[in-house]
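Chains, contacts and geometry: an overview
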Amino acid sequence: MKLSLETLGALPQDVRTPNYDRADLSASIVHIGLGNFHRAHQAWYLHRLMDLGLAHDWAIVGAGVRPADAAQRDRLLRQDCLTTLIELDPSGKSAEVTGAMIDFVPVAADNAPLIAQMAQSYIRIVAMTVTEGGYYQSSAGGFDADHPDMLHDSQNPLSPKTAFGAIIAALAARRLANKGPFTCQSCDNLQGNGDVLRQTVVGLAALSDSDLAAWIDENVAFPNAMVDCIVPATGPSELALASAFGVDDEAPVTHENFRQWVIEDKFCAGRPDWDKAGATFTQDVHAYEAMKLRLLNAGHQIIATPGELLSVDTIAGTMAHPLIKDVFRKIEISEIVPHVDAVPDMSPLNYVDLIDRRFSNPEIRDTTRRVAFDGSSRHAGFLHPIIREALATDASLEGLALIEAMWARMCQGTREDGSAIAPNDPFWDTLVKAALAARTSPQVWIDQVQFYGDLGQNARFAEAFCRWHRLVQRDGTEAAMRTYLETDASTASKDVYLQKTL
């Protein structure tokens, strides 16, 4: 059955459908970046809230700023912006159709339609999922004012090319018309994502209009949030799975049977009661996001990096590989848990067990390639802060250095079986060049200050990285992992690792 509002009532009975009338919904949210994660996570919370008879005036208008977003717009509009969500649980699969999104703004190079939509007084939240590497941060974590996109938007404030430039243009129009601000809400995997979003928006605005920048900084809310749900990319198997449920959906989404959304309760123009659908409002997001980003997101890179090198296609497959799973658990427990605080009802060790089960779910065909994508931002965002803390506290970092060495080997562009790794990073050419040079001079890799900052100049980290890199190059990924696992992390000193790896 072709998915549409007209056919909702004719879908198979085992497919859950909205119990609200879409005609009763009105928009208050613009969401930029209508990928799978948003539709399985934030939009789902709103959909379930609407199912309770609430928040019918908080519907979503989708938006995008990339040419590829136009194709997504066409797909979703052909099915009235409905999405089939398929939960993949080892005990069984289930499907539901969500309807919290009611429209999609036309995608244009100058973002004029998006600016006009956000300038409407009824828009109270502008949210985004643009990936953790999409916030124009410098290697030191500040605002990258010299990036060509930021220079373009500062010089062309009425025809910006980025979401941030469009947000500023809309806020400028609302300020001029005395319509008041909207909340800017990041839904990406960044520690302090609201603070980072504020930094980008205010920093970009200041390049062209300091008064506007000051007004935004004073009046616009940028709540921090932690988001969590494993959502694979959609391909032929996901399309076929939707068909197996009797739904012809051009853009279905599969997801695990776990979600978490912890939100700083700081909004300047109201908000839905997402907590009534299972989200958590708090004034202290940091502990939750630190646990998730350091254990889950860093953990993803710990397993995806050797998984790519060893031609393991899926994340569940990496957890079925005895060496990769054991390396994952050892690094998590001995090198990351000591830097993570507990949150209400969850200790760091229990969280490791939770994500072990989630990563091992065989029903989730989350590809190793997807998780390894954009390593230049994910390693810098998830692993490097832990390495810095380990250096500051004289704690163990051998396993983390090993993963960095494997990432360098991965960026040579070939797996250990000789197959090619297709470009998998916005800076792929730069990474490949450095990775090839590092084969004879490992220090070259960590001297990439745009990714490592000053870490490469730290003698302790540099020694560990170069030692593991030479071992991976000489003996291979599995041999390096065995060497790491053979050493008791609770008693090992640097000298023990030095002896084993030379």
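The structure reproduced in this document is the subject of the present report. None of these values were measured; they are calculated from a predicted model. Position labels on residues start from 1 in each chain and follow its written sequence. Two thresholds apply to this predicted model, a pLDDT of at least 70 for residue-level local features and 80 or more for giving and counting side-chain atom pairs, whereas whole-chain, interface and lining totals are computed over all residues. No hydrogens and no water enter the side-chain calculation; it runs on all heavy atoms of the structure.

1. A short note on the overall build of the protein
- Helix and strand assignments follow DSSP, with helices taken as H or I runs no shorter than four residues and strands as E runs no shorter than two, numbered in order from the N terminus. Along the protein, the regular secondary structure elements total 22 helices and twelve strands.
- Within these notes, the globule rule equals 2.2 Å times the number of residues to the 0.38 power, and the radius of gyration is based on C-alpha atoms. Against the compact-globule benchmark of 23 Å for 502 residues, the protein has a radius of gyration of 23 Å, which places it among compact chains.
- Seen through its C-alpha atoms, the protein measures out along the principal axes to roughly 70 × 55 × 45 Å.
- When burial is assessed residue by residue, the protein has 57% of its 502 residues classed as buried.
- Contacts are assigned to residue pairs with any non-hydrogen atoms lying within 4.5 Å of each other. Taking the contacts inside the protein whose residues are at least 6 apart along the sequence as the reference set, 76% of them involve residues at least 24 apart.
- Taken as a whole, the protein presents about 19,100 Å² of accessible surface, with 50% of it coming from carbon and sulfur.
- Positive charge is attributed to Lys and Arg, negative charge to Asp and Glu, and no charge count is given to His or to the chain ends. Every charge is mapped to an atom, namely NZ of Lys, CZ of Arg, CG of Asp or CD of Glu. Averaged over its 43 positive side-chain charges, the protein has a centre that lies 2 Å from the centre of its 65 negative ones. Summary of the burial criterion: residues with accessible area below 20% of their type's maximum are buried, those above 50% are exposed, and those between are partly exposed, where the area comes from a 1.4 Å probe applied to protein chains only. Surface accessibility follows the Shrake-Rupley procedure with a 1.4 Å probe radius. Residue values consider only the protein chains on display as shielding.

2. Some details on the sheet that holds strand S12 (residues 280-282)
- Spatially, S9-S11-S12 is the arrangement adopted by the three strands of the open sheet, whose pairing is mixed. Edge positions in the sheet fall to strand S9 (225-228) and S12, since each has one partner strand and no second. For this sheet the average axis-to-axis angle between neighbouring strands, irrespective of direction, equals 15°.
- Here strand S11 (residues 260-264) runs beside S12; their pairing, made up of three bridges, is parallel. Counterpart to Glu-264 in the pairing with S12 is Thr-282. Strand pairing follows a simple DSSP-based rule, namely that at least 2 bridges must link the two strands. All axes here are fitted lines through C-alpha atoms, helices being fitted over the stretch that makes contact, and every angle between N-to-C directions spans 0 to 180 degrees.

3. Some remarks on the sheet that holds strand S6 (residues 101-104)
- If you walk across this open sheet you meet the five strands as S6-S3-S2-S7-S8, and the pairing is parallel. Bordering the open sheet on either side are S6 and strand S8 (183-186), each of which pairs with just one other strand. Each strand axis lies, on average, 25° off the axis of its neighbour in the sheet, ignoring direction.
- Relative to S6, strand S3 (residues 59-63) is paired through three bridges, and the arrangement is parallel. In the sheet register, Ile-60 faces S6, and the bridge partner there is Met-101.
- Lying over the sheet, helix H7 (residues 193-206) contacts strand S7 (125-128) and S8, oriented at roughly 125° with respect to S8.

4. Some thoughts on the layout of surface pockets
- With a 1 Å grid laid over protein atoms only, a set of points is called a cavity when a 1.4 Å probe fits there but cannot get out and a pocket when it is open yet has protein on both sides within 12 Å along at least five of seven lines; lining residues have an atom within 4 Å of a point. Grid points are joined across faces, edges and corners, and a volume is the space filled by probe spheres set on the points. Counted as a void, the second largest pocket has a volume near 190 Å³.
- In terms of lining residues, the second largest pocket is bounded by 14 residues, among which Pro-157, Leu-158, Ile-168, Ala-169 and Ala-172 are the most central.
- The greatest single-element share of the lining of the second largest pocket, amounting to five residues, is contributed by helix H6 (residues 163-176).
- When residue character is reported, Ala, Val, Leu, Ile, Met, Phe, Trp, Tyr, Cys and Pro are called nonpolar, Asp, Glu, Lys and Arg charged, and the others, Gly included, polar. Of the residues that constitute the lining of the second largest pocket, the class distribution is ten nonpolar, two polar and two charged.

5. Quick look at the packing of helix H20 (residues 459-475) against helix H21 (residues 477-485)
- As a packed pair, H20 and H21 sit with axes 7 Å apart at the nearest point and diverge in direction by 135°. By the angle class used here, H20 and H21 are oblique. Together, Trp-468, Leu-471, Val-472 and Asp-475 of H20 and Thr-477, Ala-479, Ala-480, Thr-483 and Tyr-484 of H21 make up the contact between the two elements.
- When grouped by side-chain class, the residues that make up the contact of H20 with H21 number six nonpolar, two polar and one charged. Roughly parallel means an angle under 35 degrees; roughly antiparallel means over 145; roughly perpendicular covers 65 to 115; every other angle is labelled oblique.

6. Examining the nonpolar core
- Nine residue types can take part in a nonpolar core, namely buried Ala, Val, Leu, Ile, Met, Phe, Trp, Tyr and Cys, and a core is a set of them joined through side-chain atoms within 4.5 Å. Formed by 87 residues in total, the largest nonpolar core has its most connected members in Leu-295, Ile-336, Phe-359 and Trp-445.
- At ten residues, the largest contribution of residues to this core is made by helix H10 (residues 286-309).
- If near-sequence neighbours (up to four positions away) are discounted, Ile-336 is found in contact with Arg-294, Leu-295, Ala-298, Ile-302, Ile-331, Ile-386 and Leu-400.
- Ile-32, Met-118, Met-150 and Leu-204 belong to the second largest nonpolar core, which has 39 residues in total.

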